[in-house]
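Summary of structural features
If you want the building blocks of each chain, they are given just below.
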Amino acid sequence: MIKVAPSILSADPANLMGDINKVEGADYLHVDVMDGSFVPNLSFGLNTVQGLSKDTDIKLDVHLMIQNPENYVEQFVKAGASIVGVHVESTQHIARAIQIIKNAGARAEVVVNPGTPLTELEELLPEIDQVLIMSVNPGFGGQKFLESSISKVKRLSALRQARGLEFDIEIDGGISDKNIKAVYDAGVDVAVAGSYVFGAEDYTKQVQLLKELTK
Ligand code: DX5
Ligand code: ZN
């Protein structure tokens, strides 16, 4: 069964904990951090991660959409992140960023934009705990799922098997009941879902639906 990480970018920003407390069955909470430079939007930061880690037991999956993330990753781990994701496109020192995350005691994730080929990850795969395949261009919730990400996940999953590696594959952007089975069958372990969960009346039911469809 697939793991589900509701993205709080689509939750009520003035009542985050109220919304989070209404979601049962989430495997992680996905926290999008944006700097207005790597992506044309602003969102949560260190203080939100710190606050959430005190108020919820759900593991925090922090997706950094910021330039030079190596300067901040340690602080995000200290703030309570269980997984820290860094974009290959955001730094000249991706291997250093991974090292810092692992040394600080969290799971290291590398993220690739839709336009970035998997070859960018090849050298890094033995070092990382999770790969995040973006299925929309990062920056905003509620965008349309890019179908090309399914073949990308299939190729990554084949590579994982061929090289005997054990990293998890996560997908982020436009996930719903319409594509969850296809991404799961392609090899996805964890699906981020923002508007699909928080855009509905019953958040818990939405998480359950995604899981049911991959049973
Ligand atoms: C987009 C973010 C996503 C976003 C997903 O840049 O990384 O995590 O919240 O939202 P949906 O599921 O609505 O596409
Ligand atoms: Zn995200």
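Residues numbered from 1 in each chain as written. Chains lettered and ligands numbered in written order. Predicted model: local features only at pLDDT ≥ 70, side-chain atom pairs only at ≥ 80, totals over all residues.

Mapped onto this numbering, the UniProt entry gives "binding site: substrate" (unreviewed entry) at Ser7, His63, Gly139, Phe140, Gly141, Gly142, Asp172, Gly173, Gly174, Gly194 and Ser195. Inspection of the secondary structure assignment puts His63 in strand β3 (residues 59–65). With 29 C-beta atoms packed within 10 Å, His63 lands in the buried category. Residue contacts for His63: discarding those within four places in its chain leaves His30, Val31, Asp32, Val33, Gly85, Val111, Leu132 and Asp172. Its place among the elements puts Phe140 in the loop between β6 (130–134) and α5 (148–162). (UniProt positions renumbered as here; feature names shortened; annotations may be inferred. Helix = DSSP H or I, 4+ residues; strand = E, 2+ residues; numbered from the N terminus. Buried ≥ 20, exposed ≤ 12 C-beta atoms within 10 Å, placed from the backbone. Contact = placed C-beta atoms within 7 Å.)

By size, the foremost hydrophobic cluster in this structure holds 71 residues, and its most contacted members are Val62, Ala81, Val84, Val188 and Ala191. Here Ala81 is in contact with Val49, Leu60, Val62, Phe76 and Ala106, once residues within four sequence places are set aside. (Core = buried A, V, L, I, M, F, W, Y, C linked by C-beta atoms within 7 Å.)

Within the structure, ligand 1 sits among 22 residues, and Ser7, Leu9, Gly141, Gly194 and Ser195 are positioned closest to it. Elements supplying a minimum of two residues to the shell around ligand 1: β2 (28–34), β8 (190–193) and α7 (195–198). Looking at the shell around ligand 1 residue by residue, the classes come out as eight nonpolar, twelve polar and two charged. (Near = placed C-beta within 6 Å. Nonpolar A, V, L, I, M, F, W, Y, C, P; charged D, E, K, R; others polar.)

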